[in-house]
Amino acid sequence: MAEYDVIIVGTGAGGGTLARHLAPSGKRILLLERGDWLPREPQNWLAQDVFVDNRYVSEDTWYDEKGKPFQPQIHYFVGGATKLYGAALYRLRAEDFRELQHHDGLSPAWPIGYDELEPYYTHAERLYEVHGARGEDPTEPPASAPYPHPAVSHEPRIQQLSDQLSAAGYHPFHAPCGILLDEQNMPYSTCVRCANCDGFPCPLHAKADAEVLGVRPALEHANVTLLTNAQAIRLETNEAGTAVTGVVVEHDGATETLTGDLVVVACGAANTAKLLLASANDKHPNGLANGSDQVGRNFMFHDSVAVLALSREENPTVYQKTLGLNDFYFGSDDFEYPLGNIQMVGKSQAPMFHGEKPGETKLAPEWTLERVARHAIDFWLSTEDLPRAENRVSVDRDGKLTLSYAETNAEAKKQLYEKLHSILGKLDLNPGHLFHRFAYMKNEIPVAGCAHQAGTCRFGTDPATSVLNADCRAHELDNLYVVDTSVFPSIGAVNPALTAMANSLRVGDHLLERLGARAGAAVAV
């Protein structure tokens, strides 16, 4: 008999959400996390420590296609990447689930439609306490319920920007935010609406991350066990290669094999692919679940750029990430292909620029870094990256991870930048007003950012072209599932975390049914 009913490898948006969903079933659930709890300490809120000294970046070394090593901006903690995310919890657009023509090619259809995932989006928004306002964004997909919490209000300078955009004929909206904020009762609000949120850990546990709202609630159930500092290095199978029989884990300096009736992998797109590829055996010589040769392929991440505009007046905004703009999501009057999403990003702070080649911003000498930060209005632009078989994760016999990647949709990215440049040129901003912001783009290899990686174990209906079926179970192994962003056939142009959470709940209902527990009830809560 297996030690556990379910082993979940990874505690981020996919794994942490799944653990919470399965926990009330009473089934024996083991959560494996290769990192530890993220320390609660003053450095959580110090830009120098977080952005310059990389205090919370894990010490991995990956390699590009030319064999050049680089350090990915990746975080191994309970809660995974959500511990330092910006908590922008968007739904994909309904059209993103269908085949969509882009400048550089086709974005493929998903094996499920938006309608199938919609109730789980609603459930995920409740679990992760999303604040937002329906009806402001013209690209917004249909929703079966309002947001569980009112939109986070704009501070005066961002409200002014929103009003100016509206007056110019655009459709700015309140960005969906996952923070534990009660603006009507701030003395009792967990969130204090600080400047150190986007890209920072939160020592108040006020960010709606997968540790706070996934793992911790799951651990309130006696049937759930969490093992930290436990890295899964290989999956073992039965002799026929049709089922996983053990998860080989390095823990406390020793190697042990753990057994579960069902094994769910949620390590993030690169590391999920690495685990499956490193688990090659006689029945799966090219890697586990890789009969299609698709494991590790189709690596995607948002083709993003962080930019700042310099306002003539100072921008005293503290919590800036409250506004989004999707007017160009599916194209524009002069460009027929999708461009992507524009949203605010966390407010610039002078320490973020230190060591960041400030001369590249081409600012006049009187613009000190401190003055730049005071006057900056900061934006994040995301264009959809298209899946390409040659954009891939591969692993050698020594476990060395190589990430081969060539950019897609560069013209759409350029066009989106030009759209923002044109818009802001008409507002109360300095001439030559848009500059690249290096705080989020420090590494010369763009994919080192890792924030929105996806696609290496895509799910689909055809075993010849996909790794997983529509339930996110491996085509070739009866008890192996994947629930992170690696399952995405396409990535859209909005932040992927909420979609990973929603899909994890959908797969969770399937697992509950398979385990003989009650499925579906949680969605109706």
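Attention here is on the structure that accompanies the text. Predicted model, so just to flag it, every value in this text is computed and none were measured.

What counts, and at which threshold
Residues numbered from 1 in each chain as written. Predicted model: local features only at pLDDT ≥ 70, side-chain atom pairs only at ≥ 80, totals over all residues. Heavy atoms only, no water. Core = buried A, V, L, I, M, F, W, Y, C linked by side-chain atoms within 4.5 Å. Buried < 20%, exposed > 50% of the residue type's maximum accessible area, 1.4 Å probe, protein only. Helix = DSSP H or I, 4+ residues; strand = E, 2+ residues; numbered from the N terminus. Contact = heavy atoms within 4.5 Å. Polar contact = N/O pair within 3.5 Å; in protein donor to acceptor, adjacent residues only side chain to side chain. Phe/Tyr/Trp six-rings, centres within 6.5 Å; stacked < 30°, edge-to-face > 60°. Lys NZ or Arg CZ within 6 Å of the ring centre and 35° of its normal. Expected span 1.5 Å × (residues − 1). 1 Å grid on protein atoms, 1.4 Å probe; cavity = no way out; pocket = protein on both sides within 12 Å on 5 of 7 lines; lining within 4 Å. Points joined across faces, edges and corners; volume = space filled by probe spheres on them. Nonpolar A, V, L, I, M, F, W, Y, C, P; charged D, E, K, R; others polar. Axes fitted to C-alpha atoms, helices over the stretch in contact; angles between N-to-C directions. Parallel < 35°, antiparallel > 145°, perpendicular 65-115°, else oblique. Left-handed = near helix turned anticlockwise from the far one by under 90°. Pairing = 2+ DSSP bridges. Salt bridge = Lys/Arg side-chain N within 4 Å of Asp/Glu carboxyl O.

## What to know about the nonpolar core
- Core analysis: the largest hydrophobic core is formed by 106 residues, its most contacted members being Leu-32, Leu-235 and Leu-480.
- In terms of residue count, the dominant contributor to this core is helix 10 (residues 497-514) (9 residues).
- When sequence neighbours within four positions are dropped, the list of residues in contact with Leu-32 reads Ile-7, Ile-8, Val-9, Gly-10, Thr-11, Leu-227, Ala-230, Val-247, Val-249 and Leu-258.
- One finds Val-305, Ile-342, Leu-420 and Leu-424 within the second-largest nonpolar core, a separate group that totals 25 residues.

## Some thoughts on the side chain of Lys-83
- On the secondary structure map, Lys-83 appears in the loop between strand 4 (69-70) and strand 5 (100-102).
- On the basis of relative accessibility, which here comes to 3%, the residue Lys-83 falls in the buried class.
- Polar contacts involving the side chain of Lys-83 include one to the side chain of Asp-209, which spans 2.9 Å.

## Notes on the packing of aromatic side chains
- Within this structure, the stated rule accounts for 13 aromatic pairs.
- One aromatic cluster is present, formed by Phe-97, Trp-110, Tyr-114, Tyr-121, Phe-459 and Phe-488 through successive ring pairs.
- The ring of Tyr-147 carries the charged tip of Arg-134 above its face, separated from the ring centre by 3.8 Å.
- Between the NZ or CZ atom of Lys-400 and the centre of the ring of Tyr-63, over which it lies, the distance is 4.7 Å.

## Things to note about the environment of Thr-368
- Tracing the backbone through its elements, the reader meets Thr-368 in the loop between helix 7 (350-353) and helix 8 (369-375).
- A relative accessible area of 38% places Thr-368 in the partly exposed class.
- Along the chain, Thr-368 and Ala-350 lie 18 residues apart, while their C-alpha atoms are 9.0 Å from each other.

## A few points about the environment of Pro-285
- Here Pro-285 lies in the loop between helix 6 (269-277) and strand 15 (303-311).
- Its relative accessible area of 59% is what places Pro-285 among the exposed residues.
- Residues Pro-285 and Asn-495 lie 210 residues apart in sequence; the distance between their C-alpha atoms is 35 Å.

## Points about helix 9 (residues 410-425)
- With 16 residues, helix 9 should cover 22 Å at 1.5 Å per step; its first-to-last C-alpha distance of 22 Å lies within 8% of that length.
- Ala-412, Gln-415, Leu-416, Tyr-417, Lys-419, Leu-420, Ile-423 and Leu-424 are the residues of helix 9 that are buried.

## A look at empty space enclosed by the protein
- For the coordinates displayed, the defined rule picks out 5 cavities of 30 Å³ or more.
- If you go around the largest cavity, you meet 13 residues; those closest to its centre are Arg-93, Asp-137, Glu-140, Tyr-147 and Pro-176.
- Along its surface, the second largest cavity is lined by 13 residues, and Cys-191, Cys-194, Cys-197, Cys-202 and Ala-206 are the ones closest to its centre.
- Broken down by class, the residue content of the lining of the second largest cavity amounts to 10 nonpolar, 1 polar and 2 charged.

## Focus: the packing of helix 3 (residues 114-127) against helix 10
- Look at helix 3 against helix 10: their axes get within 8 Å of each other, and the N-to-C directions meet at 110°. With respect to their mutual orientation, helix 3 and helix 10 come out roughly perpendicular. Of the two elements, helix 3 crosses helix 10, and the hand of that crossing is right-handed. Of the residues in helix 10, those in contact with Glu-116, Leu-117, Tyr-120, Tyr-121, His-123, Ala-124, Glu-125 and Leu-127 of helix 3 are Leu-498, Thr-499, Met-501, Ala-502, Asn-503, Leu-505, Arg-506 and Asp-509.
- Looking at the contact of helix 3 with helix 10 residue by residue, the classes come out as 9 nonpolar, 3 polar and 4 charged.

## Structural notes on the sheet that holds strand 1 (residues 4-9)
- Overall, parallel pairing links the 5 strands, which are arranged 10-2-1-14-22 in an open sheet. Bordering the open sheet on either side are strand 10 (224-227) and strand 22 (480-482), each of which pairs with just one other strand. Here the average twist between neighbouring strands, direction ignored, is 20°.
- Two strands pair when backbone bridges link them, and strand 1 and strand 2 (residues 29-32) are joined in this way by 4 bridges, in the parallel orientation. Its bridge partner being in strand 2, Ile-7 is matched across the sheet by Leu-30.
- Each of strand 1, strand 2 and strand 14 (260-265) touches helix 1 (residues 15-22); the most contacted strand, strand 1, lies at about 155° to it.
- Docked against the sheet, helix 5 (residues 211-219) engages strand 2 and strand 10, running at close to 120° with respect to strand 10.

## Regarding helix 10
- The first and last C-alpha atoms of helix 10 sit 26 Å apart over 18 residues, in line with the 26 Å expected at 1.5 Å per residue.
- In terms of residue burial, helix 10 counts as a mostly covered element, since 15 of its 18 residues are buried.
- Just beyond helix 10, the residue with positive phi is Gly-516, at close to 80°.

## Some details on the packing of helix 1 against helix 10
- Packing of helix 1 against helix 10 leaves a shortest axis separation of 9 Å and a crossing angle of 40°. Put simply, helix 1 runs oblique to helix 10. Handedness of the crossing formed by helix 1 with helix 10: right-handed. Listed contacts from helix 10 to Thr-17, Leu-18, His-21 and Leu-22 of helix 1 are Met-501, Ser-504, Leu-505, Gly-508, Asp-509, Leu-511 and Leu-512.
- Per-class residue counts for the contact of helix 1 with helix 10 are 6 nonpolar, 4 polar and 1 charged.

## Concerning the pattern of salt bridges
- Counting across every chain of the model gives 21 salt bridges.
- The closest approach of N and O atoms between Asp-293 and Arg-297, which form a salt bridge, is 3.1 Å.
- For Asp-293, a relative accessible area of 34% corresponds to the partly exposed category.
- Classification of Arg-297 by relative accessible area gives buried; the value is 15%.
- A salt bridge links Lys-413 to Asp-303, with the shortest nitrogen-to-oxygen separation between them at 3.2 Å. Of the two residues, Lys-413 sits in helix 9 while Asp-303 sits in strand 15, which places them 110 residues apart along the sequence.
- According to the relative accessible area criterion, Asp-303 is buried, its value standing at 5%.
- Three or more residues joined by partner-sharing salt bridges are found here, namely Lys-83, Asp-209, Glu-211 and Arg-216.

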